[in-house]
Amino acid sequence: ILNVEQSPQSLHVQEGDSTNFTCSFPSSNFYALHWYRWETAKSPEALFVMTLNGDEKKKGRISATLNTKEGYSYLYIKGSQPEDSATYLCAFIAPFWAGGTSYGKLTFGQGTILTVHP
Amino acid sequence: DAGITQSPRYKITETGRQVTLMCHQTWSHSYMFWYRQDLGHGLRLIYYSAAADITDKGEVPDGYVVSRSKTENFPLTLESATRSQTSVYFCASSELRGRVSLVLETQYFGPGTRLLVL
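Residues numbered from 1 in each chain as written. Chains lettered and ligands numbered in written order. Predicted model: local features only at pLDDT ≥ 70, side-chain atom pairs only at ≥ 80, totals over all residues. Heavy atoms only, no water.

Asks: If you had to explain the pattern of salt bridges to someone new, which residues and values would you point to?
Replies: Residue and element names in this part refer to chain A. Scanning the entire structure with this criterion turns up six salt bridges over all chains. E39 is paired through a salt bridge with R37; the nearest N and O atoms lie 3.0 Å apart. Using a relative accessible area of 25% as the deciding quantity, one classes E39 as partly exposed. For R37, a relative accessible area of 14% gives the class buried. Counted as one network, the salt bridges with shared partners bring together R37, E39 and K42. (Salt bridge = Lys/Arg side-chain N within 4 Å of Asp/Glu carboxyl O. Buried < 20%, exposed > 50% of the residue type's maximum accessible area, 1.4 Å probe, protein only.)

Below is the structure:
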């Protein structure tokens, strides 16, 4: 079982604060890393697919960076708003083989629970 | 309707009964996944499928059976339900980015099935 770890487990910030959290993953055999945003009582929604070392992705106030050599990705939120409150999940892709063909397999971290207070 | 759907949305059953949770997607995505969500564990992968008739175990497969005879359907069966299988179950689908790549595009999640085993 692959070790995908996220830190911190939870985070409380005030509206307007900028914040960041970490996803750590095995640095060997890297294929891709996903970030998802998961609001309470809803389904997870995709934020980013990151594939190359040094990748930086941005979506509004949310951005992410990737370091495949050291095995980590950071997610940043600039000027947090109460609507940003959610669990942020990362997922690492590793291969599995079946019938002589390789396929991708996702392992999720446990998530960082972000609460933004007005 | 287009998208990914799960049925039933809510289910109450008794210990020892067989239960099947249905998942259907209309995008013809190759990959489909079943996760369970429990407090303190985030999303844990039960089983996944890379194509019709190709499935593999995730982190927590014991007590579950899957099949994928058609690309669009991925039913999850609890052979003999136990109280520890009380959970919220999410189905997801995804596609590869390029035919020879192992990079999966981000997953699209269904609305979830809340299962209570008494």
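Asks: Hey, could you go over the nonpolar core for me, with residue numbers and the actual values?
Replies: Counting residues in hydrophobic clusters, the biggest one holds 24 residues, and the most contacted among them are L33(A), W35(A), F48(A), L75(A), Y88(A) and L114(A). Breaking this core down by element, the ones donating at least two residues are β2 (10-14), β3 (19-24), β4 (32-38), β5 (45-50), β7 (62-67), β8 (72-77), β9 (86-98) and β11 (112-117) of chain A. Among the elements that make up this core, the one with the highest residue count is β9(A) (five residues). The next biggest cluster of nonpolar side chains, apart from the first, holds 22 residues, and it includes W38(A), A91(A), I93(A) and F90(B). (Core = buried A, V, L, I, M, F, W, Y, C linked by side-chain atoms within 4.5 Å. Helix = DSSP H or I, 4+ residues; strand = E, 2+ residues; numbered from the N terminus.)

Asks: Residue-level account of the packing of aromatic side chains, with values.
Replies: Taken as a whole and assessed by the stated rule, the structure comprises 18 aromatic pairs over all chains. Where Y74(A) meets Y76(A), the ring centres are 6.1 Å apart and the plane angle is 75 degrees; that geometry is what we call edge-to-face. Relative accessible area serves as the criterion here: at 27%, Y74(A) is assigned to the partly exposed category. With a relative accessible area of 32%, Y76(A) lands in the partly exposed category. Measuring from centroid to centroid gives 6.1 Å for Y31(B) and F33(B), while their planes differ by 15 degrees, and the two rings are stacked. On the basis of relative accessible area, Y31(B) is assigned to the buried category, the value being 1%. F33(B) sits in the buried class, given a relative accessible area of 0%. Each residue in the set Y36(A), W38(A), F108(A), Y31(B), F33(B), Y35(B), Y48(B), F90(B) and F109(B) is aromatic and connected to the rest through ring pairs, giving one cluster. Looking at R68(B), its charged tip hangs above the ring of F74(B), at a distance of 6.0 Å from the centre. (Phe/Tyr/Trp six-rings, centres within 6.5 Å; stacked < 30°, edge-to-face > 60°. Lys NZ or Arg CZ within 6 Å of the ring centre and 35° of its normal.)

It is worth stressing that arrangement in space is one thing and function is another; only the former is reported here.
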